[in-house]
Amino acid sequence: DGTEAIEAAYEAICAVSALTIDGYRPQLRAGLHTGNPRAVGDDFIGVDVNIAARGAEAAGPGELLVSDATLMAADADRYHHRRRRFKAKGVPRDLVVHAVVPRYE
């Protein structure tokens, strides 16, 4: 579920940023993509897994990047989102990603 995935990832990012370890405040970053990875034993492989991993690599500290597919699978009106430039090896050139923050009422 796109909405649950976005909210869980954002909550994890916030929870990690609230920690302080020996004066250091870690910053988590995450990438989400909705697709059809191929199961191989206990693992998943394929371009969809690669897209999520590249999104996480491209995100800044404390940032959540989601693909258009994930945002469309979610209730997009629940989030502030802005399109981010994104280019990465092994992902489709026309892939669109968004930096996402939940709207709180």
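About the thresholds
- Residues numbered from 1 in each chain as written.
- Predicted model: local features only at pLDDT ≥ 70, side-chain atom pairs only at ≥ 80, totals over all residues.
- Heavy atoms only, no water.
- Helix = DSSP H or I, 4+ residues; strand = E, 2+ residues; numbered from the N terminus.
- Polar contact = N/O pair within 3.5 Å; in protein donor to acceptor, adjacent residues only side chain to side chain.
- Contact = heavy atoms within 4.5 Å.
- Salt bridge = Lys/Arg side-chain N within 4 Å of Asp/Glu carboxyl O.
- Buried < 20%, exposed > 50% of the residue type's maximum accessible area, 1.4 Å probe, protein only.
- Pairing = 2+ DSSP bridges.
- Axes fitted to C-alpha atoms, helices over the stretch in contact; angles between N-to-C directions.

Here we come to the side chain of His-98. Along the chain, His-98 turns up in strand E6 (residues 97-102). One polar contact links His-98 to Asp-68, side chain to side chain, over a distance of 2.7 Å. Setting aside its immediate chain neighbours within four residues, His-98 contacts Leu-64, Leu-65, Val-66, Asp-68, Leu-71, His-81, Arg-82, Arg-83 and Arg-84.

Take the pattern of salt bridges next. For the structure shown, the criterion picks out four salt bridges. Notably, a salt bridge pairs Glu-63 with Arg-82, separated by 3.6 Å at the nearest N-O pair. One end of the pair, Glu-63, is in the loop between helix H2 (47-58) and strand E4 (64-67); the other, Arg-82, is in strand E5 (residues 79-84), with 19 residues separating them in the sequence. Judged by relative accessible area, Glu-63 falls into the buried class, the value being 14%.

The subject of this paragraph is the side chain of Ser-67. Note on placement: Ser-67 falls in strand E4. Classification of Ser-67 as buried rests on a relative accessible area of 1%. Setting aside residues up to four positions removed in sequence, Ser-67 forms contacts with Leu-32, His-33, Thr-34, Leu-95, Val-96 and Val-97.

The strand order E1-E4-E6-E5 describes an open sheet built from four strands, whose pairing is mixed. With one partner strand each, in any of the chains shown, strand E1 (30-32) and E5 form the two edges of the open sheet. Averaged over all pairs of adjacent strands, the angle between their axes in this sheet comes to 30 degrees, without regard to strand direction. Relative to E6, E4 runs antiparallel, the two sharing three bridges. Across the sheet, residue Leu-65 finds its bridge partner in E6, namely Ala-99. In the packing of H2 onto the sheet, the strands contacted are E1, E4 and E5, and the crossing angle to E1 comes to about 150 degrees.

Here the phi dihedral of Asp-22 falls at roughly 50 degrees; this positive angle occurs in a residue that is not glycine. With respect to the helices and strands, the residue Asp-22 is situated in the loop between helix H1 (2-17) and E1. Owing to a relative accessible area of 81%, Asp-22 belongs among the exposed residues under this scheme.

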